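Below are the chains, spelled out letter by letter.
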Amino acid sequence: MSRLNTVLGFIGHYRYLIVIVIGVALVGFLDDNSFMRRMQLELQISELEEEIEKYRASDMAAQRQLRELQRNPHTVEKIARERYFMKADDEDIYVLSDDEKPETENNETTE
């Protein structure tokens, strides 16, 4: 009975502090609108804003290229040559590769 009186005395003496600590714990960590959840959402918002900026830059580059294609007919030819390896009738195309040669399985040399 003595321990129960001691505990109840402690709770009675620090009741406001205990209520405040429990309230902060509920709001700060356990609630759906907790501080931790808010920080996670803020981080997600910043990542999405960075992604938006990346897509805006990509869109600006595509718009610039579209304007160039509409203004200059030689640009279509340049893109066809660079991306799709198209050529004129009197041209030859050489594609250079940086790929490494595959090694033989048992390290034999061919003679």
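Look a little higher up for the structure.
Worth saying up front: this structure is predicted, and the values here are computed from it rather than measured.

(A) Just the packing of aromatic side chains, in detail. Across all of its chains, the model carries 1 aromatic pair by this definition. Ring geometry for phenylalanine 10 and tyrosine 14: centres 5.0 Å apart, planes at 50 degrees, overall tilted. Its relative accessible area of 49% is what places phenylalanine 10 among the partly exposed residues. Its guanidinium or amino end placed over the ring of tyrosine 55, lysine 54 lies 5.2 Å from that ring's centre, counting from NZ or CZ.

(B) Quick peek at the packing of helix α3 (residues 35–71) against helix α4 (residues 73–84). The geometry of α3 relative to α4 is characterised by a closest axis approach of 5 Å and an angle of 120 degrees between their N-to-C directions. Relative to α4, α3 is oriented oblique. On the side of α3, the interface is formed by Gln65, Glu68, Leu69 and Arg71, while α4 contributes Pro73, Thr75, Val76, Ile79 and Arg83. Taken together, the residues of the contact of α3 with α4 break down into 4 nonpolar, 2 polar and 3 charged.

(C) Broad picture of α4. The first and last C-alpha atoms of α4 sit 17 Å apart over 12 residues, in line with the 16 Å expected at 1.5 Å per residue. Those residues of α4 not exposed but buried are Thr75, Ile79 and Ala80. The buried side chains of α4 occupy one side of the element, clustering within an arc of 140 degrees when seen end-on. In this structure, α4 carries Pro73 and His74 as exposed residues pointing more than 90 degrees from its buried face. On its buried face, α4 sits against α3. If you check the start of α4, you find a side-chain oxygen 3.1 Å away from the backbone N of histidine 74, and it comes from asparagine 72. Count one or two residues on from α4 and you reach phenylalanine 85, which has phi positive near 55 degrees.

(D) Representation of the side chain of serine 34 within the structure. As for its position among the elements, serine 34 is in the loop between α2 (15–30) and α3. Leaving out residues up to four positions away in the same chain, serine 34 has contacts with Val27, Gly28 and Phe29.

Reading guide: rules and limits
- Residues numbered from 1 in each chain as written.
- Predicted model: local features only at pLDDT ≥ 70, side-chain atom pairs only at ≥ 80, totals over all residues.
- Heavy atoms only, no water.
- Phe/Tyr/Trp six-rings, centres within 6.5 Å; stacked < 30°, edge-to-face > 60°.
- Buried < 20%, exposed > 50% of the residue type's maximum accessible area, 1.4 Å probe, protein only.
- Lys NZ or Arg CZ within 6 Å of the ring centre and 35° of its normal.
- Axes fitted to C-alpha atoms, helices over the stretch in contact; angles between N-to-C directions.
- Helix = DSSP H or I, 4+ residues; strand = E, 2+ residues; numbered from the N terminus.
- Parallel < 35°, antiparallel > 145°, perpendicular 65-115°, else oblique.
- Contact = heavy atoms within 4.5 Å.
- Nonpolar A, V, L, I, M, F, W, Y, C, P; charged D, E, K, R; others polar.
- Expected span 1.5 Å × (residues − 1).
- Arc of directions from axis to C-beta.
- Polar contact = N/O pair within 3.5 Å; in protein donor to acceptor, adjacent residues only side chain to side chain.

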